[in-house]
Amino acid sequence: MLNDYLPIIILLVLATVLGFLVLIIGALFGPRRPTQRKAAPYESGMIPYGPGTRRISVRYYLVAVLFILFDIETVFFLPWAVVFRQLGWFALIEMLVFIGILLIGFVYVWKKGALEWE
Amino acid sequence: MPTVNDFLLILPEVVLLIWALLILLIDLWIPDTKKYYTAVLSAAGLVISAGCAFALLGRTGSAFSNMVVLDGFSSVLSILFLLSGLAAVALAYDYLKRNAAQRGEYYTLLLFSIAGMMLMASANDLIMVFLSLELLSIPLYILAGFFRPRLASEEAALKYFLLGAFSSAILLFGIAWIYGSTGHTDFPGIVASIDGGRANYLLLLIGAGLLLVGFGFKIGVFPFHMWVPDTYQGSPSSIGAFMTVATKAAGFAALLRVFLVLFPAEAPIMAGILWGLSAASMIFGNTVAIAQMNMKRLLAYSSIANAGYILMAFVPYGNPVIAQEAVSSALFYLLAYALTSFGAWAVMIALEPAESDGLLLQDFSGLGRKYPWLGAALLISMLSFIGVPLTMGFWGKFYLFKTAVDGSQIPLVLIGLLTSLVSAYYYLRIVMFAYFKPGEPQIQPGRWASVVAVICAAGIFVLSFIPTPVFQFAAQMIMGMK
Amino acid sequence: MAPISYYLVLAIIMFFIGILGVLIRRNALIVFMSLELMFNAANLVFVAFSRQYQALNGQISVFFVMTVAAAEVAIGLALMVTIFRTKHSIDVDQMNNLKG
């Protein structure tokens, strides 16, 4: 069984070795003349300002939490779609009920103003 | 595919869930000054659901490919949960207003939690047990932190959440191993697999042990009790009252059914563990309660002790005759305990000023003279907790001890009797404060808490004259179980 | 095909790492991550046995567990944000406001 994985392992080893090799050769033989501009994180991009670890607005939490809740529900859609043809009308009604319940949650979230950024 | 009959069998739960969703919507358009509409609506929903449950009383059957069953056990417990819910609504009505926490979500979450409890009592599949457990717990995590931004309430919620999720994870791991042992999660499938000798005994035993730990957290027995005092103290009092009664009852419902149906063969091993849990809870709860001066913490430790008492009758569950008796006496005790506990909490809520973490025992001073009705309710509740005759608490303990004697658990009964004597000390100390110490307690505005207190006290007293019919009703109801 | 014992041993290791995390770590967020590890250990057991028995019911259980875990994540994060706003810490050892 391990034989099946042999090409992948060889590839993995080769890729690792090659990557390090290139870096080492570059570090050994390449000329190094840093200027302030070259040392910047984005050499030809925006000039960075402020600390790197900025605080993220706590509002983002709410969006993230709501996203998790509404996102995970799709896990039920896939098996439903697979057997939809066998179950027919019943499956459709069942899913409408499910989405209806989600919709009530959505209306609640909306009306409470959790989706407003300001 | 489900038929109409399937939905009919879980009609109370369906009604309650739809009602909860509607209240969630309607509440959005109810202005903050008129939140009592939401309270009244939720009470109406509970009454309608209880009506459905009464109509289904005596019917049996299983629904949704054996996911849930309806039998006397689940019906009686459903009604108990719904009535507890009504009490929790009544207790919250003035209490939330006093604490400036009149948010309609309280009632919606309460209804969801009760629906979870009802499903838990009728769950016939381990995945259903897990799902209903989460349906009852998740709203309670929020309700425990309902007084945010008060730190005590938030802390209570976080502790309850972390330990609740911990116990759920252990429970789920147990379910996974039982599935591994038998290839099924539904009770009939598991039983068939065990009877057919196809189940792996070791995996089954591991699963049973993990389930016991998970349920142990939910019913709050020693040594899985650490969350109980902090959570009850920090939560809103109306939720504390609800949790001591309903959550405990739901935990016991699932524990009794799962162990009776799935693990009768493991009884010799489990009996020893149950024995230890029961004895430790009775001793620990009753001794630590002595040191408590805060009423909420005292009631929390008392609830740990009471979980021990209920577990006591269940120790010899491997014997089918004793098991029947144990379940009936557990149901009876849960009823007695519900009345008693709600009575005690209601007296406290009636007196509890805003922004407090529960009354100190001294705060009851002078209650008996100034408010005779409330004082009497407190007295009756405390006597019922001790198990003095002419109260439901006496009969509850009587049947539990009798079952334990029938199951020849004499040492456990002795521990139970001794710890009951110890408990008399701290319960009577509250009575002493209320009747023999001078003081000026002040009833807070709103009379619903007092009404609940008096109704519970009356129930404790009146029902104690007809214990046999009540017990026989419980016994008759669980005949169809299994 | 790897034998089932590999998966089960991995699940047991995950479960115990989770338990240790819950008992030892003091940051509520990391405690919470340990809890998720325990849930996923159970999921792994379900899936492994489901393949062993060539039955789907174990995998369906995992769907439900995942959804419930997501709901718990939502509640847990919300609770932690609220308590952090009040207390500016989510160290569980400092949760000592409630005492007898």
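Model, not experiment: these values are computed from the prediction.

What counts and how
Residue positions are counted from 1 within each chain, in the order its sequence is given. Whichever chain is written first is A, and whichever ligand is written first is 1; the rest continue in order. In view of the model being predicted, local features appear only for residues whose pLDDT reaches at least 70, and side-chain atom pairs are presented and counted only at 80 or more, with totals across whole chains, interfaces and linings using the full set of residues. Numbered from the N terminus, helices here are DSSP runs of H or I no shorter than four residues, and strands are runs of E no shorter than two. Buried residues are those with 20 or more other C-beta atoms within 10 Å of their own C-beta, exposed residues have 12 or fewer, and partly exposed residues lie in between; C-beta atoms are placed from the backbone. Placing a C-beta atom from the backbone of each residue, one calls two residues in contact when those atoms lie within 7 Å. The nonpolar core is taken to be a set of buried Ala, Val, Leu, Ile, Met, Phe, Trp, Tyr and Cys residues joined by way of C-beta atoms within 7 Å. Only Asp, Glu, Lys and Arg are considered charged in this grouping, and only Ala, Val, Leu, Ile, Met, Phe, Trp, Tyr, Cys and Pro are considered nonpolar; every other residue, Gly among them, is considered polar. Confidence of the predictor in every single residue is expressed as pLDDT, which spans 0 to 100. Only the stretch in contact is used when fitting a helix axis, every axis being a line fitted to C-alpha atoms; angles between N-to-C directions are given from 0 to 180 degrees. For classification purposes, angles smaller than 35 degrees are called roughly parallel, those larger than 145 roughly antiparallel, those between 65 and 115 roughly perpendicular, and all remaining angles oblique. In a left-handed crossing the near helix is turned counterclockwise from the far helix by less than a right angle, and in a right-handed crossing that turn is clockwise. UniProt positions are given in the numbering used here, feature names are shortened, and annotations may be inferred rather than shown by experiment.

### So, the overall build of chain A
Secondary structure assignment for chain A yields five helices and zero strands. Beginning at the N terminus, the succession of helices and strands in chain A can be written as α-α-α-α-α. Judged by the C-alpha coordinates and their principal axes, chain A covers about 70 × 55 × 20 Å. The burial tally for chain A puts 0% of its 118 residues in the buried class.

### Things to note about the overall build of chain B
When helices and strands are counted, chain B shows 20 helices and two strands. Viewed in the frame of its principal axes, chain B has a C-alpha envelope of about 70 × 55 × 40 Å. Residues counted as buried form 64% of the 482 residues belonging to chain B. In chain B, of all internal contacts separated by at least 6 residues, the share reaching a separation of at least 24 is 80%.

### Re the nonpolar core
Within the largest apolar cluster, 229 residues are counted, with the highest numbers of intra-cluster contacts made by B:L91, B:M120, B:F173, B:A330, B:A346, B:A453 and C:A42. In terms of residues, this core owes the most to one element, helix α14 (residues 320–351) of chain B, which gives 23 residues.

### Comments concerning the interface of chain B and chain A
Facing five residues of chain B, the contacting portion of chain A comprises six residues. For the side of chain B that touches chain A, a count of residues per class yields five nonpolar, no polar and no charged.

### Points about the confidence of the model for chain B
Considering every residue of chain B, the mean pLDDT works out to 91; 99% of them sit at 70 or more. Quick note on the complex model: pTM equals 0.90, ipTM equals 0.95.

### Topic: the packing of α14(B) against helix α17 (residues 392–406) of chain B
Residue and element names in this part refer to chain B. Closest axis-to-axis distance for the α14/α17 pair is 8 Å, and the angle between their directions is 160 degrees. The angle between the axes of α14 and α17 places the two elements in the roughly antiparallel class. When you trace α14 past α17, the crossing you get is left-handed. Facing α14, whose interface residues are I322, E325, A326, S329, F332, Y333, A336, Y337, L339 and T340, α17 presents M392, G393, W395, G396, Y399, L400, T403 and D406. Class assignment for the residues of the contact of α14 with α17 results in eleven nonpolar, five polar and two charged.

### Section: the interface of chain C and chain B
Each partner contributes residues to the interface: chain C has 33 residues there, and chain B has 38 residues. When contributions to the side of chain C that touches chain B are tallied by element, the ones reaching two or more residues are α1 (4–24), α2 (28–52) and α3 (57–87) of chain C. The element that contributes the greatest number of residues to the side of chain C that touches chain B is α3(C), accounting for 15 residues. Tallied by class, the residues present in the side of chain C that touches chain B amount to 23 nonpolar, eight polar and two charged.

### Description of the UniProt feature "transmembrane region" (unreviewed entry) in chain A
Residues and elements named next belong to chain A. Within the UniProt annotation, "transmembrane region" (unreviewed entry) is assigned to residues 6–29, 60–81 and 87–110. When the span residues 60–81 is considered, its composition is 82% helix and 0% strand, and the gap between its end C-alpha atoms is 32 Å. Secondary structure content for residues 87–110 is 96% helix and 0% strand, and the end C-alpha separation is 33 Å.

### Some words on unusual backbone geometry
Residues and elements named next belong to chain B. A cis amide bond, omega 5 degrees, links R148 with the succeeding residue P149. Structurally, P149 is set in the loop between α6 (126–144) and α7 (151–182). In this structure, F64 is a non-glycine residue whose phi angle is positive, near 55 degrees. Relative to the helices and strands, F64 resides in the loop between β1 (61–63) and β2 (68–70). With a phi close to 55 degrees, A100 is a non-glycine residue in the positive phi region. Along the chain, A100 turns up in the loop between α4 (72–98) and α5 (105–122).

### Some remarks on the environment of B:N294
Residue and element names in this part refer to chain B. You can see N294 is positioned in the loop between α12 (267–290) and α13 (295–314). The exposure class assigned to N294 is buried, which follows from the 21 C-beta atoms found within 10 Å. Taking the C-alpha atoms as reference points, N294 and G308, separated by 14 residues in sequence, lie 22 Å from one another.

### Re the confidence of the model for chain A
Summarising the model, chain A shows a mean pLDDT of 84, and 97% of its residues fall at 70 or more. Here helix α2 (residues 36–39) of chain A is the element of chain A with the lowest mean pLDDT, 75, and helix α5 (residues 89–111) of chain A is the one with the highest, 91.

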